[in-house]
Amino acid sequence: MDKKEYTVEELKNKIDRSRLPKHVAIIMDGNGRWASKRFLPRNFGHQEGMERVIEIVGAASNLGIKHLSLYAFSTENWKRPLDEIQGLMKILVQYIRRELDKLHRNNVKINIMGDINKLPELAKNEVERAVKTTCKNTGMILNIGLNYGGRDEIITGIKNILKDVEMGKISIDDIDENTFKSYLYTCDQPDPDLLIRPSGELRLSNFMLYQVAYTEFWFSDILWPDFTEKHLLLSILDYQKRNRRFGGI
Ligand code: IPE
Ligand code: IPE
Ligand code: MG
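What counts, and at which threshold
- Every chain is numbered independently, its residues counted from 1 as its sequence is written.
- Ligands are numbered from 1 and chains lettered from A, in the order in which they are written.
- In keeping with the model being predicted, local features are shown solely for residues with a pLDDT of at least 70 and side-chain atom pairs are shown and tallied solely at 80 or more, while totals for entire chains, interfaces and linings include all residues.
- Side-chain metrics in this entry use all non-hydrogen atoms of the structure; hydrogen atoms and water are not considered.
- By definition, two strands form a pair when at least two bridges between them are found by DSSP.
- A run of H or I in DSSP becomes a helix once it reaches four residues, and a run of E becomes a strand once it reaches two; helices and strands are each numbered from the N terminus.
- Axis lines are fitted through C-alpha atoms, for helices just across the contact stretch, and the angle between N-to-C directions can take any value from 0 to 180 degrees.
- Throughout, a contact is declared for two residues whenever any of their heavy atoms are within 4.5 Å.
- Definition of nearness: a residue and a molecule or strand are near each other if at least one heavy atom of the residue lies within 4 Å of the molecule or strand.
- A 3.5 Å cut-off defines polar contacts: any pair of N or O atoms within that distance qualifies, except that in protein one atom must be a possible hydrogen donor and the other a possible acceptor, and neighbouring residues in sequence count only when both atoms are side-chain atoms.
- Amino acids outside the nonpolar list (Ala, Val, Leu, Ile, Met, Phe, Trp, Tyr, Cys, Pro) and the charged list (Asp, Glu, Lys, Arg) are all regarded as polar, and Gly is one of them.
- All accessible areas in this document rest on Shrake-Rupley with a 1.4 Å probe, and a residue is counted as covered only by the protein chains that are shown.
- Definition of nonpolar core: a set of buried residues of the types Ala, Val, Leu, Ile, Met, Phe, Trp, Tyr and Cys, connected through side-chain atoms within 4.5 Å.
- The buried label applies to any residue whose accessible area, calculated with a 1.4 Å probe on protein chains only, is under 20% of its type's maximum; exposed applies above 50%, and partly exposed to all values in between.
- In this scheme Phe, Tyr and Trp rings, the latter by its six-membered ring, pair at centre separations within 6.5 Å, and the angle between planes marks the pair as stacked below 30 degrees, edge-to-face above 60, and tilted otherwise.

Asker: Tell me what's going on with the sheet that holds strand β6 (residues 216–219), and back it up with residues and numbers.
Answerer: The strand order across the open sheet formed by six strands is β3-β4-β2-β1-β5-β6, and the pairing between neighbours is parallel. Whereas interior strands pair on both sides, the edge strands pair on one side only; in this sheet they are β3 (109–113) and β6. Recorded for the sheet is a direction-independent mean angle of 20° between the axes of neighbouring strands. Direction of pairing for strand β1 (residues 23–27) relative to strand β2 (residues 67–74): parallel, over a ladder of five bridges. Bridging across to β2, isoleucine 26 finds its partner in leucine 70. Across the face of the sheet, helix α3 (residues 42–63) comes into contact with β1, β2 and β4 (141–148) while running at roughly 160° to β2.

Asker: Now, about the environment of isoleucine 222: what can you tell me, with residues and values included?
Answerer: The topology assignment puts isoleucine 222 in the loop between β6 and α8 (229–241). Non-local contacts of isoleucine 222, meaning those with residues more than four positions away in its chain, are made with Pro198, Ser199, Phe227 and His231.

Asker: So what's going on with the site of ligand 1? Which residues, and what values?
Answerer: In the vicinity of ligand 1 lie 13 residues, with Asp29, Gly32, Arg33, Arg42 and Arg80 positioned nearest. Contacts to ligand 1 include aspartate 29, whose side-chain N or O atom sits 2.8 Å from an oxygen atom. Between ligand 1 and the protein, one listed contact pairs an oxygen atom with a backbone N or O atom of asparagine 31 at 3.1 Å. For the shell around ligand 1, the secondary structure elements donating two or more residues are α2 (31–37), α3 and α4 (82–105). Residue contributions to the shell around ligand 1 peak at three residues, all from α2. Residues that form the shell around ligand 1 fall into these classes: three nonpolar, five polar and five charged.

Asker: Could you give an account of the site of ligand 2, with specific residues and numbers?
Answerer: Close to ligand 2 lie Ile27, Met28, Asp29, Tyr71, Ala72, Phe73, Asn77, Arg80, Arg197, Arg203 and Ser205. A distance of 3.2 Å is found between an oxygen atom of ligand 2 and a side-chain nitrogen or oxygen belonging to arginine 80. Calculation on ligand 2 without its partners gives an accessible area of 390 Å², and the protein chains cover 78% of this total. The class makeup of the residues in the shell around ligand 2 is five nonpolar, two polar and four charged.

Asker: Residues and numbers for the nonpolar core, please.
Answerer: Across soluble globular proteins, you tend to see nonpolar side chains buried next to one another. In terms of nonpolar packing, the biggest core is built from 52 residues, with Ile26, Val57, Leu68, Tyr95, Leu142, Leu146 and Leu232 touching the most fellow members. Considering each element in turn, this core owes the most residues, 10 residues, to α4. By size, the runner-up hydrophobic cluster in this structure holds nine residues, among which are Ala25, Phe207, Met208 and Val212.

Asker: Lay out the packing of aromatic side chains in plain terms, naming residues and giving numbers.
Answerer: A ring pair, where both rings are aromatic, is described by two values, the distance of the centres and the angle of the planes. Taken as a whole, this structure holds nine aromatic pairs when the rule is applied. Geometrically, the ring pair formed by tyrosine 148 and phenylalanine 207 is edge-to-face, given 5.7 Å between the ring centres and 85° between the ring planes. Placement of the pair is tyrosine 148 in strand β4 and phenylalanine 207 in the loop between β5 (194–197) and β6, with a sequence separation of 59 residues. Centroid distance phenylalanine 217 to phenylalanine 219: 5.9 Å. Interplanar angle 80°. Geometry classified as edge-to-face. Using a relative accessible area of 29% as the deciding quantity, one classes phenylalanine 217 as partly exposed. The rings of Tyr71, Tyr148, Tyr185 and Phe207 are connected pair by pair, giving a single aromatic cluster.

Here is the structure:
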């Protein structure tokens with residue numbers, strides 16, 4: 001039977017709740033193409049993409065996913081035209097203003113991956129407000145990649161470790177995989193179990209390079225503005241069929 005025939009409720013019932021991925025990461029791609037297909041400016045695609053962020057964050061949190069990482073803006077996305085960047089920043093501010101209360105009520109904790117000092121003042125202030133408001137929450141951790149790059153994260157981590165070595169806080173011999181991980185933006189969170197990339201591209205585009213060493217990948221041609229709760233559930237069902245060996249047998 002074609003999976004697409006299942007309803008959301010049926011898919012939910014098929015998911016084994018005892019084997020949910022703890023951490024789901026998503027490269028939210030395809031907004032521009034979604035808009036172009038409709039002869040609309042690219043920012044309409046980003047706007048519709050924000051609606052999917054709201055839907056997927058709610059769905060993941062309701063399902064009991066403990067960590068959700070969303071790639072919203074990369075260190076390479078600054079290469080885009082200024083009006084598109086400004087449009088994206090405006091949508092980010094809009095998202096926080098519209099959703100922060102609900103996220104807080106739902107006990108979601110927002111954690112930012114990336115250096116937000118490079119964001120425009122208003123976006124930076126709203127992001128800081130969102131982080132501060134939700135910092136004591138104990139529900140799902142929502143990691144948002146903003147001016148995020150995996151290589152940049154690793155280099156920043158190395159610099160911070162070297163500073164701590166210099167100050168005598170840790171010694172070189174103390175550095176192992178666990179200490180290094182604590183210097184990344186995801187700090188003490190588990191690595192993603194499942195990484196979803198819609199839009200048909202089969203690449204990581206600099207997302208969570210260190211953390212995805214043993215992550216299961218789920219690629220799909222669906223464009224992000226068309227990615228609904230149903231697709232999230234389908235990806236989790238596929239994930240639950242995989243045999244993760246981590247190098248063992
Ligand atoms: C993803 O959609 C959003 C960001 C990268 C900010 P794109 O804007 O990359 O959409 P496509 O890939 O051009 O279709
Ligand atoms: C990845 O998408 C970045 C985000 C989704 C924020 P891009 O559209 O920037 O990636 P490339 O350029 O196709 O690799
Ligand atoms: Mg893209």
